[in-house]
Amino acid sequence: MHVPMRAERAMHSMTKRNNIIAGLLLVLLGTVTVFAENGMNSPYTRFGIGQLNVPQLGASRAMGGTGIGMRSVNQINMLNPASYSTVDTLTFILDMGCSLQNTNFSENDVRRNARNATFDHLAVQYRLRPHLGMTMAYLPYSSVGYSYQTKESLFTDEDGTVTTTNKYEGEGGLQQIAVGLGWRPFKWLAVGGNVNYFYGYLQHKVENQYNVSTIDSRTKIYSAEFNAIGYDLGAQLAFSNKKNRFIAGVTYSPSTSLGKRKPYAIDYVISNNIAASSDTLPYGHLSRPESYGAGFSYAGEHITVAADASLKRFGSALFFGQSGLDSYRASLGVEYRPTYNGHHFFKSMAYRAGAYYSSTYFNIDGTPGPDEFGASVGVAIPIINGWNQRSTVSISGQYIHAQQAAKGMIAENYLRLNVGITFIEDWFTKWRVN
């Protein structure tokens, strides 16, 4: 009676898997409303399209954001779609992550702190056929969030001191849903690609007010809506023997206009608390820049070392009339595993560390914005039970410093705790009934 029972079980399993895949697609699309909060407080998100987010999941985040030259059967790597081809015959992977963040702002002798919590990613990966893997993911691409004001005394007359107050507020960001394939046509070569749907909005509001009613105030609101399709391409070369493996990877993303509708600004003149006049100013399209990346990794029996370098060509982009800057990023990461096999809890943990440098991509009134330096440490804790030894909880801590672009500007220091869960399910395994 083995064959009929196994056939029935296989059909039931296939139907169940199709339902799960359909449900996950709905979950990814549902993130439009569920994860709308971006958790940012940086005044530098007023420039460009906000703070850019590197598509790094648990392992990559703890290793300085490396991944272009990495591939693993137990990890989803969004930095190079060629890596999707590693998913094995029986495996389904679900990866999700969030972070807690404390930001310290310092300007001269003034210091402030802000705390935020964010949902960082949701991704699934599974095999379509031998050496062909598929990944679907929700990832934020950029985040905008700030609110601050400046106050200045202009002059003093018989009626008192006339002051002006400038208020700056911004919100929004760019989200993406990615669907990608990775294929390994040869043992030494893998290629892959993503189709990305970008959506979202951003709004910047500037208010100029005076403490006397005889002087008109002014409010200017900058707005942009995003709705576009973009692409990522990647390839990896792998060379290995019984004890060592070397992988080199490259990625390329073409430039993409982020929406059919051009961004614009509405300029209001306020007289006696009433909008006396307004003017609409159109701007050129915002765009996702052309980008290039290269990386490599070396994996021995217990140690993995990886390094990445990338370039985003924002220099040809304009943000509400302000030109951008080409942005460079370099990262280095290392992972140590006491052993790759066995059921010993501590020996099955992975220990990770990394660092990176990223140059700014925007100008502030002709002055380049702040460059970033970051360092991270983390650990992957296995979830060990009677049927699953490969699922993990990844915990990492990050320190990020955004240095002052010029004297008198704000310096930012981030302390971030990242928590990710990777569920690895042997959902293609057929049950036997005796």
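This write-up is about the structure you can find in this document. (Residues numbered from 1 in each chain as written. Predicted model: local features only at pLDDT ≥ 70, side-chain atom pairs only at ≥ 80, totals over all residues. Heavy atoms only, no water.)

Observations concerning the overall build of the chain
In step 1: Within the chain one finds two helices and 23 strands.
In step 2: Put simply, the chain has 434 residues, and 47% of those count as buried.
In step 3: For the chain, the share of sequence-separated contacts (at least 6 apart) that also reach a separation of at least 24 residues comes to 66%.
In step 4: A total of about 21,900 Å² of accessible surface is found on the chain, and carbon and sulfur atoms cover 58% of it. (Helix = DSSP H or I, 4+ residues; strand = E, 2+ residues; numbered from the N terminus. Buried < 20%, exposed > 50% of the residue type's maximum accessible area, 1.4 Å probe, protein only. Contact = heavy atoms within 4.5 Å. Areas by Shrake-Rupley, 256 points an atom, 1.4 Å probe, with all protein chains shown as cover.)

Focus on unusual backbone geometry
In step 1: Even without being glycine, His131 reaches a positive phi, approximately 70°.
In step 2: Tracing the backbone shows His131 in the loop between β3 (110–129) and β4 (132–157).
In step 3: Positive phi, close to 50°, is recorded for Phe320, a residue that is not glycine.
In step 4: Examined against the element boundaries, Phe320 turns out to sit in the loop between β15 (318–319) and β16 (322–323).
In step 5: Phe320 gets classed as buried once you look at its relative accessible area, which sits at 12%.

A few points about the packing of aromatic side chains
In this description, a pair of aromatic rings is defined by centroid distance and the angle of the planes.
In step 1: Tallied over the entire structure, the rule returns 18 aromatic pairs.
In step 2: With centroids separated by 5.4 Å and ring planes inclined at 10°, the aromatic side chains of Phe186 and Trp188 adopt a geometry described as stacked.
In step 3: By relative accessible area, Phe186 is classed as partly exposed at 45%.
In step 4: Since its relative accessible area comes to 44%, Trp188 is described here as partly exposed.
In step 5: Ring centres of Phe314 and Tyr361 lie 4.4 Å apart, and the angle between their planes is 40°; on these two criteria the pair is classed as tilted. Here Phe314, found in the loop between β14 (303–312) and β15, pairs with Tyr361, found in the loop between β18 (350–358) and β19 (363–364); they are 47 residues apart in sequence, far enough to count as distant.
In step 6: Taken together, the aromatic side chains of Phe47, Phe314, Phe319, Tyr361 and Phe362 make up a single cluster linked through ring pairs.
In step 7: Cation over ring: Arg329 sits above Tyr356, and NZ or CZ is 4.2 Å from the ring centre. (Phe/Tyr/Trp six-rings, centres within 6.5 Å; stacked < 30°, edge-to-face > 60°. Lys NZ or Arg CZ within 6 Å of the ring centre and 35° of its normal.)

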